[in-house]
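Below are the chains, spelled out letter by letter.
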Amino acid sequence: AAYKASDLMYATEKINQKKGATISLVFAHKLSKIIVKLDKETGVNADLTNAEIKLTNVVNKIALSSVSGSGITLGALSGVEGDKGELTIGKYAIEGTAAIVIPQSTTSMQFKVTLANGGTYTAAIPSDPGNFAPNTAYTYTLTLKANGITVTASIAAWTPKDGGSGD
């Protein structure tokens, strides 16, 4: 749960500001966001209620190399066996479910959907673009069909929002 809810953000430092002046910081996400929507083809008799959606073969450890005015440098992805695994993105929800992941290659990942009755569907993540990039949100729609599952994707910048101000 903590991994899924994690986020790493960075704002460029502001220097030479007058004492008492308001400083605006614009933060950028340094991790990737995955949003998954689950649907079923007309005629498929599957109950999506409580369906669990996972992502397999996910790198779940990485070194943070540095933080500086030029941004954040993420170290090499961990090569230690066992540092890849399944990430539970969430349970079925009409509006979709989401998780945060470390930027990494998507080429060996799969979605795994387990229905409440124990039925399981798996599907590879589309190989385009091939990598999860920082500050990017990936929305996938998984459609259960009588003979399998299809995956469609859309990719967009993870839109920053003004968080307000404070002291």
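Just above, that's the structure.
Residues numbered from 1 in each chain as written. Predicted model: local features only at pLDDT ≥ 70, side-chain atom pairs only at ≥ 80, totals over all residues. Heavy atoms only, no water.

## Considering the environment of Ala133
Spelled out, the test is: For the purposes of this entry, the term helix denotes a DSSP run of H or I that reaches at least four residues, the term strand denotes a run of E that reaches at least two, and both are numbered from the N terminus. Throughout, exposure labels follow a simple rule: accessible area from a 1.4 Å probe, protein chains only, divided by the maximum for the residue type, with under 20% read as buried, over 50% as exposed, and the rest as partly exposed. Whether two residues touch is decided by their heavy atoms; if any such pair falls within 4.5 Å, the residues are in contact.
Locating Ala133 in the fold gives a position in the loop between β10 (120-124) and β11 (136-145). Classification of Ala133 as partly exposed rests on a relative accessible area of 28%. Sequence separation of Ala133 and Val101 is 32 residues, and the distance between their C-alpha atoms is 9.6 Å. When sequence neighbours within four positions are dropped, the list of residues in contact with Ala133 reads Leu31, Ser32, Pro103 and Tyr138.

## Thoughts on the sheet that holds strand β9 (residues 110-114)
Note the threshold: For two strands to count as paired, DSSP must find a minimum of two bridges between them. Note on geometry: axes are C-alpha line fits, over the in-contact stretch for helices, and angles between N-to-C directions span 0 to 180 degrees.
Pairing within the open sheet is antiparallel, and its four strands lie in the order β7-β4-β9-β10. On the outer flanks of this sheet lie β7 (84-91) and β10, each paired with one strand and no other. The sheet shows a mean angle of 25° between the axes of neighbouring strands, direction not considered. Summarising the sheet, strand β4 (residues 52-59) and β7 pair through six bridges and their orientation is antiparallel. Note on β7: the bridge partner recorded for Lys54 is Thr88.

## Quick word on the pairing of strand β12 (residues 148-157)
Bridging between β11 and β12 involves ten bridges; their strand directions are antiparallel. Residue pairing across strands places Thr141 opposite Thr152, the latter belonging to β12. Between β11 and β12, which pair antiparallel one after the other, the connecting turn spans two residues.

## Re unusual backbone geometry
A positive phi is found at Asn57, a non-glycine position, where the angle reads about 65°. Considering the arrangement of structural elements, one finds Asn57 in strand β4. A positive phi is found at Asn135, a non-glycine position, where the angle reads about 55°. Positionally, Asn135 belongs in the loop between β10 and β11.

## Describing the side chain of Thr106
Along the chain, Thr106 falls in the loop between β8 (97-101) and β9. Here Thr106 falls in the buried class, since its relative accessible area comes to 2%. If we ignore the near neighbours within four places in the chain, the residues touching Thr106 are Ile125, Pro126, Gly130, Asn131 and Phe132.

## Comments concerning the pattern of salt bridges
Note the following rule: In what follows, salt bridge is the name for a side-chain nitrogen of Lys or Arg lying within 4 Å of a carboxyl oxygen of Asp or Glu.
For the structure shown, the criterion picks out four salt bridges. A salt bridge links Lys145 to Glu41; the shortest N-O distance between them is 3.7 Å. Of this pair, Lys145 sits in strand β11 while Glu41 sits in the loop between β3 (32-40) and β4; the two residues are 104 residues apart in sequence, bridging distant segments of the chain. Exposure remark for Glu41: the relative accessible area of 32% places this residue in the partly exposed category. A salt bridge links Glu86 to Lys112; its shortest N-O distance comes to 3.2 Å. You can see Glu86 sitting in strand β7 and its partner Lys112 sitting in strand β9, a full 26 residues away along the chain. Given the relative accessible area of 43%, Glu86 is considered partly exposed.

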